[in-house]
Amino acid sequence: MSDYNFPIDTKVVTLISSENGIFANSKKYSIPAYQRDYSWGEKEVETLLDNILDGCNSDTPLFVGTIQFSKDSNVSDKTFDIVDGQQRLTTIILLFKLIELYTEEDVLKRNNISLVIDKSAELQKQFNDVLEINNLEKVEKLDKSKKGKEAFNAETNVYYKNIRLMRNYIEC
């Protein structure tokens, strides 16, 4: 028998709209260095969007998958490491950014949503660059420009690639 004793707290939560929501109360999330890079592609993003749209047309709560967090005792009370579900959670944050671009509502800022990528300063920069896009026209202009900033090159920035993919999916 193991001498380790640690509590596991499980619960069903919302993303934003309650005190216990994943993004409620200025909680911060960190992707530890041991996690794989963000790699969701078209299939995974479209499946998540299909599930969300199906949930919008239903009276029952939507299950978008399991997300596991770990509390690092060396960091603030509101900072959690993402143990499982970082691909899904990162994609949801990108979706919130896209919603901001369509509605001009500060979903991310108002809910103090942030994500720290411990693995690489370059990945953190690519993610932050995408979150700093302030209008849809900029996305369209970057798409059409052969001299677009490297930060917004869909071949090298998977975050940008997926926000474009979601935009195209929604506009269909």
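Keep in mind that this is a model prediction, so the values were computed, not measured. (Residues numbered from 1 in each chain as written. Predicted model: local features only at pLDDT ≥ 70, side-chain atom pairs only at ≥ 80, totals over all residues. Heavy atoms only, no water.)

**As for the overall build of the chain**
What the chain contains, in helices and strands, is six helices and four strands. In the chain, the succession of helices and strands from N to C terminus is β-α-β-β-α-α-β-α-α-α. Considering the chain as a whole, with its 172 residues, one finds that 38% of them fall into the buried category. In the form shown here, the chain has an accessible surface area of approximately 11100 Å², with 50% of it arising from carbon and sulfur atoms. (Helix = DSSP H or I, 4+ residues; strand = E, 2+ residues; numbered from the N terminus. Buried < 20%, exposed > 50% of the residue type's maximum accessible area, 1.4 Å probe, protein only. Areas by Shrake-Rupley, 256 points an atom, 1.4 Å probe, with all protein chains shown as cover.)

**Structural notes on the packing of helix α1 (residues 42-56) against helix α6 (residues 158-171)**
Here α1 crosses α6 at 45 degrees, and the two axes come no closer than 10 Å. It follows from the interaxial angle that α1 and α6 lie oblique. Along this stretch, α1 crosses α6, giving a crossing that reads as right-handed. Residues Glu-42, Val-45, Glu-46, Leu-49, Asp-50 and Leu-53 of α1 form the contact with α6, whose own contacting residues are Asn-162, Leu-165, Met-166 and Tyr-169. (Axes fitted to C-alpha atoms, helices over the stretch in contact; angles between N-to-C directions. Parallel < 35°, antiparallel > 145°, perpendicular 65-115°, else oblique. Left-handed = near helix turned anticlockwise from the far one by under 90°. Contact = heavy atoms within 4.5 Å.)

**Side note on the pattern of salt bridges**
Summed over the entire model, instances satisfying the criterion amount to three salt bridges. In this structure, the salt-bridge partner of Asp-37 is Lys-119, at a minimum N-O distance of 3.4 Å. Here the residue Asp-37 occupies a position in the loop between β1 (28-31) and α1, and Lys-119 occupies one in the loop between β4 (115-117) and α4 (121-131), the gap between them amounting to 82 residues. A relative accessible area of 37% places Asp-37 in the partly exposed class. You can call Lys-119 partly exposed: its relative accessible area is 37%. Of the charged contacts, one joins Asp-129 and Lys-125 as a salt bridge, the two residues approaching to 2.8 Å between their closest N and O atoms. One end of the pair, Asp-129, and the other, Lys-125, are both in helix α4, four residues apart, so they sit about a helical turn from each other. Overall, the relative accessible area of 44% leaves Lys-125 in the partly exposed class. (Salt bridge = Lys/Arg side-chain N within 4 Å of Asp/Glu carboxyl O.)

**Remarks on the sheet that holds strand β3 (residues 79-84)**
Reading across the sheet, the four strands line up as β2-β3-β1-β4 and stay open at both edges, with mixed pairing between neighbours. Edge strands, defined here as strands with exactly one partner in the open sheet, are β2 (68-71) and β4. With strand direction ignored, the average angle separating the axes of adjacent strands in the sheet is 35 degrees. Where β1 meets β4, three bridges bridge the pair, whose relative direction is parallel. Of the residues in β4, the one forming a bridge with Ser-30 is Val-116. (Pairing = 2+ DSSP bridges.)

**Notes on the layout of surface pockets**
Considered as a void within the structure, the second largest pocket measures approximately 380 Å³ in volume. Listing elements by their share of the lining of the second largest pocket, those giving two or more residues are α2 (86-103), α3 (107-110) and α4. Split into classes, the residues belonging to the lining of the second largest pocket amount to eight nonpolar, five polar and seven charged. (1 Å grid on protein atoms, 1.4 Å probe; cavity = no way out; pocket = protein on both sides within 12 Å on 5 of 7 lines; lining within 4 Å. Points joined across faces, edges and corners; volume = space filled by probe spheres on them. Nonpolar A, V, L, I, M, F, W, Y, C, P; charged D, E, K, R; others polar.)

**Overview of empty space enclosed by the protein**
Evaluation of the coordinates by the stated rule reveals one cavity of 30 Å³ or more. For the largest cavity, the full set of lining residues is Ile-31, Pro-32, Gln-35, Arg-36, Asp-37, Tyr-38, Gln-86, Thr-90, Ile-117, Lys-119, Leu-123 and Tyr-159.

**What to know about the packing of aromatic side chains**
If you walk through the whole model with that rule in mind, you get five aromatic pairs. Members of the aromatic cluster, joined through ring pairs, are Tyr-29, Phe-69 and Phe-80. (Phe/Tyr/Trp six-rings, centres within 6.5 Å; stacked < 30°, edge-to-face > 60°.)

**A look at the pairing of β3**
Summarising the sheet, β1 and β3 pair through three bridges and their orientation is parallel. Bridging across to β3, Ser-30 finds its partner in Asp-81. Alignment of β2 against β3, held across four bridges, turns out to be antiparallel. Residue pairing in the sheet places Gln-68 in a bridge with Asp-84 of β3.

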